[in-house]
Amino acid sequence: MKTTRTIFQDGDHKWIAIVRDPEKPNHLIDTNEYLITHGGQGMLLDPGGAEVFPAVFSALSAEFDPSALAAVFASHQDPDTCSSLALWLEFNPAMRCHVSWLWRGFIPHFGGNADTFVSIPDEGADISLSGLTLRAVPAHYLHSSGNFHIYDKTARMLFSGDVGAALLPPGEDGLFVEHFDKHIRHAEGFHRRWMGSNEAKRRWCERVAQLDIDMLCPQHGAIYQGEDVQRFINWFDELQVGIVNG
Amino acid sequence: MTTALVSAARKAPQAGVDLMRIVRINEEIKSVVNVAFKINIMALNAIFLAKRAGTAARGFGVLSNELRVFSQDLRDCMSSLTGLVHACVDDVSRMLQDIRHTRLLRQAVAMSSKPEVAAVLAAREVENERHAQSLSGQRRQLKRALEEAFRMVELGGVLAKSAKIEAAYGQSFAVPLSQVSSEFDGVVEEIRVSLESLRHSAFFATK
């Protein structure tokens, strides 16, 4: 079973990280899911693949009523982000899935019907969660061609999908980045290969550098906090991406 | 492992095997449909041949007309069988998805302390049962349709054999008429053998 860690709280406004399942089979990439709660409603960010659903669900349900999940957000179309969609909809068929307009015809292959999906335009959009405004920030081509991150201005938290991801070896899989230089080695290969556009990367760095961010929360690996957030943005800005050896 | 988990574990390979079996049935029916189309052309040729042979092949001509009607009926029958097979493929595929979802929901229930989770699982199982019943109904319908097709083909076999007898009375046309009627007989027998094997497919052994 995964564990939950509340990484931000102000009254009933919370960010809960659902992370690290010691029983997860090794052939599945490890994922972080994040639950934002506000006013009794919840939105799950990149709810995960179908095979990790039991572990995510049980961890989430220990903290929150799953039938009160008003929405899920899919940063992009990959199966590890949202192939569990049909299972979440079993608990709340009225739940909505916010996703780039580009994937609106693709993600329904994971489940849902015409009413389930809310398209996000390329320039981004505000998503309301019981009065809390969350901003879908464009991150196209990082790595998916229709890609968004979620910024919570009130909590100063950024969910950054695959940006900031690291493939951590056993024993170095703490929830937060502790030694940036040591940690970033596990992120470098991932970013060089998965991120396809230097231009898109530069735009993203410029965009998020203007945001007040206390924590940058990727879908894989550890969370950057404090000064490590800007350190990561600077590192990413300098990195040449879209490179494959061979 | 709980009884429910054991039951789900057994159902998964069964549904997979069912899918393979129904795919084989579909392939066999596709080959029968091709042969049925060939019969239609053969029957047309036989009708023309009987007309050229005149009064000596009147009986053969009547049988050729009947064989043409038979070939059209057979095509209709195969089209309906194809529809039923596709419905079975849909149902088996849905059951495979049900099995996966149910397995994952069961794991979630086992790991969760929330009572409402069990209610969602129960609703999922009711839906699974509805899908299983649908497949069971489709399976029975397909079996009945195959039996009807088999009876029709047996009748076609009788027509082909009668045509062979009538061919002998075709005087100077006896040899070509006999050749045509033998081809009929061969093709109808080919279809009969195919349908016979389909009737006994293990797909129908499952309830």
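S.K.: Teacher, can you tell me more about the interface of chain A and chain B here?
M.R.: How big an interface is tends to be stated in terms of accessible area lost as the parts join. Contact residues are listed per partner, giving 15 residues for chain A and 14 residues for chain B. Notably, a salt bridge pairs B:Arg103 with A:Glu51, separated by 2.8 Å at the nearest N-O pair. Of all the elements in the fold, those that place two or more residues in the side of chain A that touches chain B are α1 (53-63) and α3 (85-91) of chain A. Examining the composition of the side of chain A that touches chain B, we find that six residues originate from one element, α1(A), more than from any other.

S.K.: Would you mind showing me how to read the packing of helix α5 (residues 198-209) of chain A against helix α6 (residues 227-238) of chain A here?
M.R.: Between two packed helices, the angle of one axis relative to the other and the distance separating the axes together describe the packing. Residues and elements named next belong to chain A. Closest axis-to-axis distance for the α5/α6 pair is 9 Å, and the angle between their directions is 160°. Our classification of the angle between α5 and α6 gives roughly antiparallel. The hand of the α5/α6 crossing is left-handed. The segment α5 lies against α6, with Lys-201, Arg-202, Trp-204, Cys-205, Val-208 and Ala-209 engaging Phe-232, Ile-233, Phe-236, Asp-237 and Glu-238. Residues that form the contact of α5 with α6 fall into these classes: seven nonpolar, no polar and four charged.

S.K.: When you look at the packing of aromatic side chains in this model, what are you seeing that I'm missing?
M.R.: Two measures describe an aromatic ring pair: the distance that separates the ring centres and the angle between the ring planes. All names here are of chain A. One pass over the full model with this rule turns up 17 aromatic pairs over all chains. Between Phe-73 and Phe-159, the aromatic rings sit 6.2 Å apart at their centres with planes inclined by 85°, giving edge-to-face as the arrangement. Placement of Phe-73 in strand β5 (residues 69-73) and of Phe-159 in strand β11 (residues 157-159) is noted, with a sequence separation of 86 residues between them. A residue is classified by how much of its surface remains accessible, and Phe-73, at 0% relative accessible area, is buried. Since its relative accessible area comes to 0%, Phe-159 is described here as buried. Judged by centre distance (5.7 Å) and plane angle (75°), the ring pair of Trp-204 and Phe-236 falls under edge-to-face. With Trp-204 in helix α5 and Phe-236 in helix α6, this pair connects stretches of sequence that are 32 residues apart. Exposure class is identical for Trp-204 and Phe-236. Each is buried. Among the aromatic residues, those joined into a ring-pair cluster are Phe-180, Trp-204, Tyr-224, Phe-232, Trp-235 and Phe-236.

S.K.: I tried to follow the pairing of strand β3 (residues 33-38) of chain A on my own but got confused; where do I start?
M.R.: Consecutive side chains of a regular strand alternate in pointing toward one face of the sheet and then the other. Residue and element names in this part refer to chain A. With six of six residues buried, β3 lies mostly within the body of the structure. Side chains of β3 alternate between two faces, with Glu-33, Leu-35 and Thr-37 and Tyr-34, Ile-36 and His-38 buried alike. Relative to β3, strand β2 (residues 13-19) runs antiparallel, the two sharing five bridges. Across the sheet, residue Ile-16 finds its bridge partner in β3, namely Leu-35. Bridge analysis of β3 against strand β4 (residues 41-45) gives five bridges, and the strand direction is antiparallel. Counted as the bridge partner of Leu-35 is Leu-44 from β4. Here β3 hands over to β4 after two residues, with Gly-39 in that stretch at a positive phi of 55°.

S.K.: Explanation requested: the environment of A:Lys14 in the structure shown.
M.R.: Residue and element names in this part refer to chain A. Residue placement: Lys-14 occurs in strand β2. Taking the C-alpha atoms as reference points, Lys-14 and Arg-207, separated by 193 residues in sequence, lie 24 Å from one another. If we skip the residues at most four places from it in the chain, Lys-14 touches Thr-6, Phe-8, Gln-9, Leu-35, Ile-36 and Thr-37.

S.K.: Help me understand the sheet that holds β3(A) in this model?
M.R.: Through backbone hydrogen bonds, the strands of a sheet pair up, either in parallel or in antiparallel fashion. Residues and elements named next belong to chain A. Strand order in the open sheet formed by seven strands is β1-β2-β3-β4-β5-β6-β7, and the pairing between neighbours is mixed. Looking at the sheet topology across the chains shown, the edges are occupied by β1 (3-10) and β7 (117-120). Within this sheet the neighbouring strands show an average axis-to-axis angle of 20°, counted without direction. Pairing of β5 with strand β6 (residues 96-100), which is carried by three bridges, proceeds in the parallel orientation. Bridge pairing in β6 links Ala-71 to Arg-96. With respect to the sheet, α1 is in contact with β1, β2, β3 and β4, its orientation differing from that of β2 by roughly 150°.

S.K.: What's the story with the state of the cysteines in this structure? I'm lost.
M.R.: Here a disulfide denotes a covalent bond joining the sulfur atom of one cysteine to the sulfur atom of another. Within the structure shown, the criterion is met by zero disulfides over all chains. Free of any disulfide, A:Cys97 has its nearest neighbouring cysteine sulfur in A:Cys82, separated by 6.0 Å. Here B:Cys77 stays free of any disulfide, with the sulfur of B:Cys88 as its closest cysteine sulfur at 15 Å. Note on B:Cys77: relative accessible area 13%, which makes it buried.

S.K.: I'm lost on helix α4 (residues 180-194) of chain A in this one. Help?
M.R.: Residues separated by three or four positions in an α-helix point in the same direction, a consequence of the helix having 3.6 residues per turn. All names here are of chain A. Along its 15 residues, α4 runs 20 Å from first to last C-alpha, staying within 8% of the 21 Å computed at 1.5 Å per residue. A maximum bend of about 40° is found in α4 at Ala-187. All of the buried residues along α4 are Phe-180, His-183, Ile-184, Ala-187, Phe-190 and His-191. Elements that come into contact with the buried residues of α4 comprise β13 (224-225) and α6.

Basis of the calculations
- Counting starts from 1 at the beginning of each chain's written sequence and moves along it residue by residue.
- Whichever chain is written first becomes A and whichever ligand is written first becomes 1, with later ones labelled in order.
- Note on the predicted model: pLDDT of at least 70 is required for a residue's local features to be given, and 80 or more for side-chain atom pairs to be given and counted; whole-chain, interface and lining totals, by contrast, use all residues.
- Based on all heavy atoms of the structure, the side-chain values leave hydrogens and waters out of the count.
- By definition, residues are in contact when any of their heavy atoms lie within 4.5 Å.
- What counts as a salt bridge is simple: a side-chain nitrogen of Lys or Arg found within 4 Å of a carboxyl oxygen of Asp or Glu.
- The secondary structure listing takes helices from DSSP runs of H or I that are at least 4 residues long and strands from runs of E that are at least 2 residues long, numbered from the N terminus.
- Angles run from 0 to 180 degrees between N-to-C directions of axes, and those axes are lines fitted to C-alpha atoms, restricted for helices to the stretch in contact.
- Roughly parallel means an angle under 35 degrees; roughly antiparallel, over 145; roughly perpendicular, 65 to 115; everything else is oblique.
- For any pair of crossing helices, the crossing counts as left-handed if the nearer helix is rotated counterclockwise from the farther one by less than a right angle, and right-handed if it is rotated clockwise.
- Basically, the charged four are Asp, Glu, Lys and Arg, the nonpolar ten are Ala, Val, Leu, Ile, Met, Phe, Trp, Tyr, Cys and Pro, and anything else, Gly included, counts as polar.
- The rule is short: rings of Phe, Tyr and Trp, with Trp giving its six-membered ring, pair when the centres are within 6.5 Å, and they are stacked under 30 degrees, edge-to-face over 60, tilted in between.
- Throughout, exposure labels follow a simple rule: accessible area from a 1.4 Å probe, protein chains only, divided by the maximum for the residue type, with under 20% read as buried, over 50% as exposed, and the rest as partly exposed.
- The pairing criterion for strands is at least two bridges between them, as found by DSSP.
- Our working definition of a disulfide is a cysteine sulfur pair at a distance within 2.5 Å.
- For a helix, the expected span equals 1.5 Å multiplied by the residue count minus one.
- Values of bend correspond, residue by residue, to the angle between axes fitted over the seven residues ending at that residue and the seven starting there.

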